[in-house]
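# Analysis of the macromolecular model
So you can see what is in the structure, the chains are spelled out below.
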Amino acid sequence: LLMCLPTLLKTFIFAYIPMVGLIMAFEYYRPATGLLSEWVGFENFSYIFKSADAKIIFFNTIIYNLLFIVTGLIVALILALFMFEMKSRKLLKMSQMFMFFPFFVSWILAGTLVTSLIGTEGLYTNTLKTLFGIDIAFYSEPKYWRFILVFVNIWKNAGVSAVVYYATLLNIDNEILEAAEMDGAGRFCRMFYILMPQITTMALVNTIMNCSNILRADFGLFYYVTRGPVVDLVEKCEVIDTYIYKALLNGRGQYGIGTAVGLLQGVVGLVLTYISNRISRCIDADARLF
């Protein structure tokens, strides 16, 4: 219990005490008057819903998170299974290093890499134009960005998730696999009937946690990766977090708006966590968080 005390103290100071500031969501907050600013009720919450782009922003946020959850889970499971089947220890260590590396790359650098590949003078763009005569302006055609953002998200995050699943697979008793092999079970048979059930619980737990952030977007991904040549990508790339940031940056909002959106995201996340936890309980009782 004493070892838990520092973490509990940190959580109380940085997670619970600041919750007093949630009152800003219902005020026209001004730094001069602090938490005693003018009370406006739900006016801050109505700001984003009254926006002309409200439907697009909410749709983009939800659909991207769903795509990230599904594609990230599939790719991470495949990578984990590949690592488990590797016999060479050196190759395994190298694979883990290459999969971990993108996670430590900042979104600013990732955005620069994307621009250098698919920008107007990017490597991939010039290659298509030189070899096949195909001239594609990725930054001026929003239809490509669904795939680009999903691919970049997988590149950056799937490796870390794969290592987590791989660690789960290491807990499997080798005698079970050896017995299955002696009974004639092939590699794919062992994969589907022994390996996959072992990581189902971890996959469900991660899915529950990801569902709680369905209204939260990775700000760095959507803000820095799409910042190439000056192009309006609102239709395909604007999400709640970037929209509010730009609104506040341009002086069209106030502190209370950002707090209101954060509170809304938290409440929706709590509800979705409870729902997904109930669903996972029906699938696998060991996968529930509570």
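Residues numbered from 1 in each chain as written. Predicted model: local features only at pLDDT ≥ 70, side-chain atom pairs only at ≥ 80, totals over all residues. Heavy atoms only, no water.

### Here we look at the side chain of R146
In this fold, R146 is placed in helix 7 (residues 145–169). Residue class for R146 comes out buried when judged on its relative accessible area of 16%. For R146, the side chain forms a polar contact with the side chain of N60, separated by 3.3 Å. At 3.2 Å, the side chain of R146 forms a polar contact with the side chain of Y64. (Helix = DSSP H or I, 4+ residues; strand = E, 2+ residues; numbered from the N terminus. Buried < 20%, exposed > 50% of the residue type's maximum accessible area, 1.4 Å probe, protein only. Polar contact = N/O pair within 3.5 Å; in protein donor to acceptor, adjacent residues only side chain to side chain.)

### A short note on empty space enclosed by the protein
Taken as a whole and judged by the stated rule, the model has 1 cavity of 30 Å³ or more. Of the pockets and cavities examined, the largest cavity occupies roughly 30 Å³. Lining the largest cavity we find N44, F45, I48, A260, V261 and L264. Looking at the lining of the largest cavity, the elements with two or more residues in it are helix 2 (43–50) and helix 13 (255–283). (1 Å grid on protein atoms, 1.4 Å probe; cavity = no way out; pocket = protein on both sides within 12 Å on 5 of 7 lines; lining within 4 Å. Points joined across faces, edges and corners; volume = space filled by probe spheres on them.)

### Some thoughts on the pattern of salt bridges
If charged atoms from side chains of opposite charge come close, those side chains can pair. The final tally for this structure, using the stated rule, is 1 salt bridge. With its nearest N and O atoms 3.5 Å apart, the salt bridge here joins E85 to R187. With a gap of 102 residues between them, E85 in helix 3 (residues 54–85) and R187 in helix 9 (residues 187–211) connect regions that are remote in the sequence. Exposure remark for R187: the relative accessible area of 48% places this residue in the partly exposed category. (Salt bridge = Lys/Arg side-chain N within 4 Å of Asp/Glu carboxyl O.)

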